[in-house]
Amino acid sequence: MSSRFTINPTPNSPLIEFDPEIGELIILGQSHPEDPQEFYKDLVDIVEEYCQNPKLHTKVIVHLEYMNTGTSRVIYNVFRKLETIVDDKREVEVHWRYEYDDEDMQDAGQIFSELTKLKFKLIGTN
């Protein structure tokens, strides 16, 4: 398995940190890159690789202030890939963080939780 994977944030894209050694993925910030498929390609590839030999517990922390539709599709695809490792022994827990007054991001987390069999915690912050 690869070592820690990091993409530094820009005004249009989030901080992404994935540590396969501990099974933790963090996505923080704004996400409206011009080409989300291209921007997230390396993350999607490393998640696919991780799914070949995952940890018993995988934690995903998402705290996006904004995401465009393309980002939403890519994140859903990442969640779908992580769903493939959920079984009797393995779990994936998503901490979906949103600002208390941001109904759009709260709703997005709720929708993802309903569309996947991942364990979601919707966490309002200020």
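Above this text is the structure in question.
Treat the numbers as computed from the prediction; the structure is a model and nothing was measured.

Enquirer: Help me understand the packing of aromatic side chains in this model?
Expert: The way to describe two aromatic rings as a pair is by their centre distance and the angle between their planes. A full pass over the atoms with the stated rule returns six aromatic pairs. Ring geometry for Tyr76 versus Phe112: centroids 6.4 Å apart, planes at 15°, classification stacked. In this pair, Tyr76 sits in helix α3 (residues 69–83) while Phe112 sits in helix α4 (residues 103–115), placing the two residues 36 residues apart along the sequence. With a centroid separation of 5.3 Å and an interplanar angle of 85°, the aromatic rings of Phe79 and Phe112 are classed as edge-to-face. Residue Phe79 is located in helix α3, and its partner Phe112 is located in helix α4; the two are separated by 33 residues in the primary sequence. Each member of the aromatic cluster is reached from another via a ring pair, and the members are Tyr76, Phe79, Trp96, Phe112 and Phe120.

Enquirer: Explanation requested: the sheet that holds strand β1 (residues 5–7) in the structure shown.
Expert: Adjacent strands of a sheet form backbone hydrogen bonds with each other and so pair up, either parallel or antiparallel. Taken together, the six strands give an open sheet; going across it, the order is β1-β2-β3-β4-β5-β6, and neighbouring strands pair in mixed fashion. Single-partner strands in this sheet number two, and they are β1 and β6 (119–125). Looking at each pair of strands side by side, their axes are set apart by 10° on average, direction ignored. Bridge analysis of strand β2 (residues 15–19) against strand β3 (residues 24–31) gives five bridges, and the strand direction is antiparallel. Residue Asp19 lies in a different strand from β3, and its bridge partner there is Glu24.

Each value, and the rule that gives it
- Residues numbered from 1 in each chain as written.
- Predicted model: local features only at pLDDT ≥ 70, side-chain atom pairs only at ≥ 80, totals over all residues.
- Heavy atoms only, no water.
- Phe/Tyr/Trp six-rings, centres within 6.5 Å; stacked < 30°, edge-to-face > 60°.
- Helix = DSSP H or I, 4+ residues; strand = E, 2+ residues; numbered from the N terminus.
- Pairing = 2+ DSSP bridges.
- Axes fitted to C-alpha atoms, helices over the stretch in contact; angles between N-to-C directions.

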